[in-house]
Amino acid sequence: MLPLLSSASDVFTSSGGDHLLILAAEANPSTEAPDTGGLADFLRGFFGPLFLVIVSIVAVFFLFTREITRFAQFIILAIFIGIVFYVPGIIEVIAVALARAMGVTAE
């Protein structure tokens with residue numbers, strides 16, 4: 001017969017499971033995580049100039065074809081993407097602001 005849910009902890013400790021709890025409490029996952037501190041800076045340094053070159057080429061194309069409306073739309077979109085890409089922490093600020101605007105308490 002299977003033990004009831006209320007006695008599941010008694011069965012766990014009687015079978016020697018308390019040693020697993022001690023080991024789980026001693027393990028610190030933050031010390032074993034890889035160091036990714038410079039990853040965002042590396043990606044910004046690598047993809048930043050590429051982003052600027054692509055934006056420049058597309059903007060010049062719109063200017064030469066005299067599509068001023070598409071040029072303006074593209075520049076506004078490129079500025080927004082550039083702000084999200086180059087300003088660190090802006091995504092967290094936007095997420096907290098949206099959560100507060102919807103009435104969710106954010107820490």
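Rules behind the numbers
Residues numbered from 1 in each chain as written. Predicted model: local features only at pLDDT ≥ 70, side-chain atom pairs only at ≥ 80, totals over all residues. Heavy atoms only, no water. Helix = DSSP H or I, 4+ residues; strand = E, 2+ residues; numbered from the N terminus. Contact = heavy atoms within 4.5 Å. Patch = residues over 30% accessible without salt bridge, like charges linked within 9 Å, V, L, I, M, F, W, Y side chains within 5 Å. Areas by Shrake-Rupley, 256 points an atom, 1.4 Å probe, with all protein chains shown as cover. Salt bridge = Lys/Arg side-chain N within 4 Å of Asp/Glu carboxyl O. Buried < 20%, exposed > 50% of the residue type's maximum accessible area, 1.4 Å probe, protein only. Core = buried A, V, L, I, M, F, W, Y, C linked by side-chain atoms within 4.5 Å. Phe/Tyr/Trp six-rings, centres within 6.5 Å; stacked < 30°, edge-to-face > 60°.

Undergrad: Looking at this model, I keep getting lost on the environment of R44. Mind explaining?
TA: Within the secondary structure layout, R44 lies in helix α4 (residues 39-64). With 44 residues separating them along the chain, R44 and P88 place their C-alpha atoms 9.8 Å apart. Not counting chain neighbours up to four residues away, the residues in contact with R44 comprise P49, F85, Y86 and P88.

Undergrad: So what exactly am I meant to see when it comes to a nonpolar patch on the surface here?
TA: The grouping of L39, F42, L43, F46, F47, L50 and I54 at the surface amounts to a nonpolar patch, some 680 Å² of accessible area in total. Note on placement: I54 falls in helix α4. I54 gets classed as partly exposed once you look at its relative accessible area, which sits at 47%.

Undergrad: Sorry if this is basic, but what is going on with the nonpolar core here?
TA: One broad trend across soluble globular proteins is that nonpolar side chains are buried collectively. Counting 5 residues, the largest nonpolar core consists of V55, A59, F62, F74 and A78. At the level of elements, α4 and α5 (68-86) are the ones that each hand at least two residues to this core. Considering every element that reaches this core, the biggest residue donor is α4, with 3 residues.

Undergrad: Please clarify how the environment of S56 should be interpreted in this entry.
TA: With respect to the helices and strands, the residue S56 is situated in helix α4. With a relative accessible area of 41%, S56 lands in the partly exposed category. Residues S56 and I75, 19 residues apart in the sequence, show an inter-C-alpha distance of 9.6 Å.

Undergrad: Mind showing me how you'd approach the packing of aromatic side chains here?
TA: The geometry of two aromatic rings is summed up by the distance between their centres and the angle between their planes. All chains considered together, the criterion is met by 4 aromatic pairs. For the pair F62 and F74, a centre-to-centre distance of 5.9 Å together with 65° between the ring planes defines the contact as edge-to-face. With F62 in helix α4 and F74 in helix α5, this pair connects stretches of sequence that are 12 residues apart. On the basis of relative accessibility, which here comes to 13%, the residue F62 falls in the buried class. Feature note: the residues F42, F46 and F47 constitute an aromatic cluster, connected by ring pairs.

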